[in-house]
Structures are given as C-alpha cells and as structure tokens.
Amino acid sequence: MLFQRFRFVVGVLVALAALWLMSEGLTTVYQESTGGDAASGIVLAGVFQVVMGLMIVGAYIWALWAESRVRTVMENIFSIPELLKKLAFTLGLLCIYRIGFHVPLAGLDQSAMQDWGSNSSNPLAQALAQASMLTGGSFQRSSLFGLGIMPYISASIIFQLLVTVVPALEKLRKEGPAGQKKIQEYTRYATVALCIIQAVFWMMTMRSQSLLYPAYRNSTLVFLMGVVGLTGGTIFLMWLGEQIDEYGIGNGISLIIMAGIVVRLPQAVGKLYAMTDASLLSLLRIAFVILSFVFVVAGSILITQGQRRIPVQQAKQVRGRRMTAGGRHFVPLRINHGGVMPIIFASSLMIFPNMLFSWIGRSWPNSGFAQVMHDAFQMQSYTYTLCYIGMIFFFAFFWTTVQFRPKEMADQLRDHGSFIPGLRPGRRTAEYLEKVMGRITYCGAAFLAAIAVIPMVIATMAKIPYDISSFLGGTGLLILVSVALDLVQRIEANLVMRNYDGFLGGSSRIKGAYA
C-alpha cells in the first residue's frame, strides 16, 4: 500500500516534469517550422527536449511499473517498516540541514557576498569556491552552516594521524570501543577549537573585504554573533550526523557532505542547459558531458571497489580430541587505500601558491617573477596540473604508509595460525605485504590523478565552466560514489538479513563490498 502511494506521488511529479519539457519542445518546433526561416539548431533543441521528456517517462515506467529489479527492490524496502523508518528519518534530518543552509548570519550583505564570491580574479574567492564544493556553497551565501562539517573532518584526520605517533592515543585505540569513545570525545573538543579559529578568520576576512553592512562593520557584537553562529552551526551538523548514525541508515557525516555536493548538481545542469544555443555543436557538447559523466562514474565505482586479494592458508588446529583442517581465505587489499584523502590534501595545498604570489605581486608591483609564477599556478595551467599530479602521488603513498601497517597485519595472521603460502610468518610476510601494497598504491594514485585532472581538461578543451566539469571528476565525484556505494551496501544488508533479494537479485552480494 505504501509503495503504491509512493509510486503515485512520483508518477505525478514525473508527469508534470515530462509535460513541461515536451510542451516547451513542441512549442519551439512548431514556432520554428511555421516561421519560414527555421534554424536547424533551434529545431534540434526542441526535439531534444521532447526526447528528454519521453526518456523520463520511460525510466519511470521501467523502474516502478515494469517487472524490473528496481521495482522489486523498492517493494522489498517498503515492506520493511524498520528500514523505511530509518530512511525517512535520514531524509528528514538532511532536509533540516538544507533548511539551516538558508539561515543567514546577522549583519552580512548577501548581495555583496555573492558578487565577491563570483570574482574569478580574487585568489581568496577562488580558494573559498573550491572549499564550498564540500559545504554546498555555504561560504558564498554566508549562512549559519557556512563552515559546513569540514572542521569535524579535519579534527578526525588530525587524530587519525596522531594515533600512529602518540603512544597514549595508540593505547586508547587498542582498548576497543571504550578507547574509541574517548578518542571521539577528544575529536569533538578539537572540532570546537577549529570552528572558533576558522570562524574568527572568516569574520575578519568579511570585515576586511567590506562584506558587512556599513552600520555593523565595527560592531563587536555582530562579530561575536558570527563566530558563535558559525561554530554552533558546525556543532549542530556534527550532532545531526551522530543522530543519523544511531537512528538512521548510512554514515551521517558522509551523507551530510554528499548532500552539500548533490545540491550543486541542479545548478550545474541549469548552467549547462543555459549554454545551449541554436547550433548542433552545443547539443553535441551536452551529449559529450552526459556520456563522460556515465563513463567516469563507472570507472570510479570500479576502482573504489577494486581489491588485490592475497591468498591465506589456515593451519590445522587441534580442538579437544579432534583436528580441524585448515581453510583457505583471502586478505583484501584495496587498490585505492587512501580514498579521497590524497586529492583533498593536494587541492588544499595547491591553493596557497596562487595566494602567495598574488600577495607578493600586490606588495611589489614591479616584480616580474611574482607575475610569472602567479600565472603559472593558475588553475588549469600546465605547471599547476603537473604539481597537482605530483602531490596526489605523494599524499597517496603518505596516507597509505600512515594507515597501512604490514607488520601488525603479519603478526595478526601469525597469532591466528594463518600464513601466506610460500612465505614464512613474521618479517617475510610483512615485507611481502608492504611490497604488494606499494605496487597497487601506484595504480590507485594514477587513477586519482586522472580523476582529479579530468575536470580541468574538459573545462579547457570543451569550453565548459569548471563548476559544471567538476562533476566529471575530482573530490566531489569520488565522495558521491563512495557514499552512495556505502548506502547501497547498508540497504542491501538490511534486505538480505530479512531474506529479501538485494540489488543484484539472487546473488545478493555487491562485488568488492565484502572481504
């Protein structure tokens, strides 16, 4: 019954969208055909709108009415009240996040803020535009959630690195859930400190750039309200993420980041549609962008789920009076062990050269070297791209070295009576694991570099704005793919646990999702 209501509501929305597209397209074709001097490009644009409307209706019928796997999975989801409540709870909190995104800070001139953020010649505005990719554009709107969830992510990364070098934190990590809870508490405190520091610098920047209303530029109260508001917004987002973890489905923090990225997609689609003119070239450009998006997403899924499986043999064990035969299993090593972290580190550090040489150029206007270096480190330039790729490789190996511990893994295999065939337990096994991980990390780093460079290459060659081509690769796409795969796997686990077929039917297993 619930599924039928859901299908009816979606059907109404799809019908309205399809009718609007088809009516616009048919009107365009009719006006051009009866005008006498019909332009082929405008007629093709109208036909393209009609085809898009038909495709939307066909996709809806196939997904929710035909005997397809999507319909079966949706019916299974709606037949599990507990899973449906978790999904509804998660969507409700994400809606609250989007509502808070539109709550502005006191005393800020929103129109001046958007004009300043759209200034492509300002290095600081460019840096904040890249950072806003992970905050849903909140910096340019100067909203209550302007800092987003990134201070919490930064604090988590800091403690992940400190655990490997600080003996006290490493001891807490080995204590199990109690130690992890204590580290999580320290992470929250560090998040508050980072929020205050970033909020102070952000309010100082807005005051120096004259982004406050004239009556409030020298007001200490407005300054403190902005710091408290930005800090409280991030803490509230952190609480929302924890509530999703406990009562919803999926990783709450990752879903909030994903929501901030997804909301930019309609804007990018709108800009891409606005670029369509009366020419066949513009339609081919749109088709190229769509096909590139599908191809890059498929490649991202493949490399994200890719593993190198190391065969492990279980030794025979004596239990009581019986001897159990040793089994054979695998140790999965992910090809992209660092995930999206190398791109985040590299893109964050590549912001500073442009800002540095821009500051030097303003301080010494006659310095030709500063101008040359400023032009060399502009985004999409050759020097910038080479340095970007080199830093991605460096941070991929750095993150793998910090997180992957072959000696500890070899000791665990030895303690459990397991060994890799042909290798002695202990040092030889650790050396082999380290060697294999180094090789596959090289492949993963090459993939990350390709994904990071694709948006810049397409933006330069196809003359497409970067905020549109950024969905064809980079940090945002990898986060979308990783979080979507994690959400699908969690839903799959709930379906399989209740003896329902998962997304892949009878197999009920997503390849690469299980060890």
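Residues numbered from 1 in each chain as written. Predicted model: local features only at pLDDT ≥ 70, side-chain atom pairs only at ≥ 80, totals over all residues. Heavy atoms only, no water.

**Student:** Would you take a moment to explain the overall build of the protein chain for this structure?
**Tutor:** Of the regular secondary structure elements, the protein chain holds 22 helices and five strands. Within the protein chain, residue pairs in contact and separated by at least 24 positions form 71% of the contacts whose partners lie at least 6 positions apart. Approximately 27600 Å² of the protein chain is accessible, and the part contributed by carbon and sulfur atoms is 66%. (Helix = DSSP H or I, 4+ residues; strand = E, 2+ residues; numbered from the N terminus. Contact = heavy atoms within 4.5 Å. Areas by Shrake-Rupley, 256 points an atom, 1.4 Å probe, with all protein chains shown as cover.)

**Student:** Just checking my understanding: could you explain the nonpolar core for this structure?
**Tutor:** Core analysis: the biggest nonpolar cluster contains 62 residues, and I149, I153, Y388 and I392 have the highest contact counts within it. Here this core takes eight residues from helix α20 (residues 427–461), the largest share from any one element. Not counting chain neighbours up to four residues away, the residues in contact with I149 comprise T234, L237, M238, I253 and I257. In terms of nonpolar packing, the next biggest core, distinct from the first, is built from 15 residues, W116, M203, L211 and V227 among them. (Core = buried A, V, L, I, M, F, W, Y, C linked by side-chain atoms within 4.5 Å. Buried < 20%, exposed > 50% of the residue type's maximum accessible area, 1.4 Å probe, protein only.)

**Student:** Is there a simple way to explain the packing of aromatic side chains in this structure?
**Tutor:** One pair of aromatic rings is described through two measures. These are the centre distance and the angle between the planes. All told, the structure shown has 11 aromatic pairs when counted by the stated rule. Consider the rings of F394 and F395, whose centres lie 5.1 Å apart with planes at 70°: the pair is edge-to-face. According to the relative accessible area criterion, F395 is buried, its value standing at 11%. Feature note: the residues Y97, F145, F236 and W239 constitute an aromatic cluster, connected by ring pairs. Against the face of W65 rests R7, its NZ or CZ located 3.7 Å from the ring centre. (Phe/Tyr/Trp six-rings, centres within 6.5 Å; stacked < 30°, edge-to-face > 60°. Lys NZ or Arg CZ within 6 Å of the ring centre and 35° of its normal.)

**Student:** Looking at this structure, how should I read the layout of surface pockets?
**Tutor:** Once rolled over the atoms, a probe with the size of a water molecule shows which space is left empty. Considered as a void within the structure, the second largest pocket measures approximately 1800 Å³ in volume. Contributing to the lining of the second largest pocket are 48 residues, with Q160, N251, S254, M341 and W399 lying nearest its centre. With nine residues, helix α8 (residues 150–165) is the single largest residue contributor to the lining of the second largest pocket. (1 Å grid on protein atoms, 1.4 Å probe; cavity = no way out; pocket = protein on both sides within 12 Å on 5 of 7 lines; lining within 4 Å. Points joined across faces, edges and corners; volume = space filled by probe spheres on them.)

**Student:** How should I be thinking about the sheet that holds strand β5 (residues 418–419) in this particular structure?
**Tutor:** Pairing between sheet strands relies on hydrogen bonds along the backbone, with the strands arranged either parallel or antiparallel. Spatial ordering of the open sheet is given by β4-β1-β5, a layout of three strands whose pairing is antiparallel. For this open sheet the edge positions go to β4 (328–334) and β5, each flanked by a neighbour on one side alone. Pairing of strand β1 (residues 307–314) with β5 involves two bridges; the strand directions are antiparallel. Within the sheet, the bridge partner assigned to Q314 lies in β5 and is S418. Each of β1, β4 and β5 touches helix α19 (residues 406–415); the most contacted strand, β4, lies at about 165° to it. (Pairing = 2+ DSSP bridges. Axes fitted to C-alpha atoms, helices over the stretch in contact; angles between N-to-C directions.)

**Student:** Would you explain the pattern of salt bridges in this entry?
**Tutor:** It is possible for side chains of opposite charge to pair when their charged atoms get near one another. By the definition in use, this model includes 12 salt bridges. E242 is the partner of R188 in a salt bridge, and the nearest nitrogen-oxygen pair spans 2.8 Å. Taken as a pair, R188 in helix α10 (residues 177–208) and E242 in helix α11 (residues 220–247) lie far apart in primary sequence, 54 residues in all. Under the relative-accessibility criterion, R188 is labelled partly exposed at 29%. The salt bridge involving D411 is made with K407; its shortest N-O contact spans 3.4 Å. Residue D411 and its partner K407 are both found in helix α19; the two are separated by four residues, about one turn of the helix. Salt bridges linked by common partners bring E170, K174, R405 and E408 together as one network. (Salt bridge = Lys/Arg side-chain N within 4 Å of Asp/Glu carboxyl O.)

**Student:** For this particular structure, what's the right way to read a nonpolar patch on the surface?
**Tutor:** Residues F8, V9, V12, L13 and L16 make up a contiguous nonpolar surface patch of roughly 510 Å² in combined accessible area. With respect to the helices and strands, L16 occurs in helix α1 (residues 2–34). (Patch = residues over 30% accessible without salt bridge, like charges linked within 9 Å, V, L, I, M, F, W, Y side chains within 5 Å.)

**Student:** Whenever I open this one, helix α13 (residues 264–274) confuses me. Can you help?
**Tutor:** Given 3.6 residues per helical turn, the α-helix brings residues three or four places apart onto the same face. Residues R264, A268 and L272 constitute the buried set of α13. Seen from one end, α13 has its buried residues packed into an arc of 75°, which puts them on one side. Exposed residues pointing more than 90 degrees away from the buried face of α13 are listed as P266, Q267 and A274. (Arc of directions from axis to C-beta.)

**Student:** Sorry, what's going on with the environment of I261 here?
**Tutor:** Its place among the elements puts I261 in helix α12 (residues 252–262). A residue is classified by how much of its surface remains accessible, and I261, at 0% relative accessible area, is buried. Put simply, I261 and G476 are 215 residues apart on the chain and 6.5 Å apart in space, counted from C-alpha to C-alpha.

**Student:** Explain the side chain of T191 here, please?
**Tutor:** Note that T191 resides in helix α10. Accessibility expressed as a relative area gives 0% for T191, which makes it buried. Only 2.8 Å separates the side chain of T191 from the backbone oxygen of T187, close enough to count as a polar contact. (Polar contact = N/O pair within 3.5 Å; in protein donor to acceptor, adjacent residues only side chain to side chain.)

**Student:** Sorry, what's going on with the environment of I451 here?
**Tutor:** Relative to the elements of secondary structure, I451 occurs in helix α20. Among the residues examined, I451 registers a relative accessible area of 4% and is labelled buried. Residues I451 and L477, spaced 26 residues apart in sequence, show a C-alpha to C-alpha distance of 8.7 Å.

Any functional reading would require information that these geometric values do not contain.
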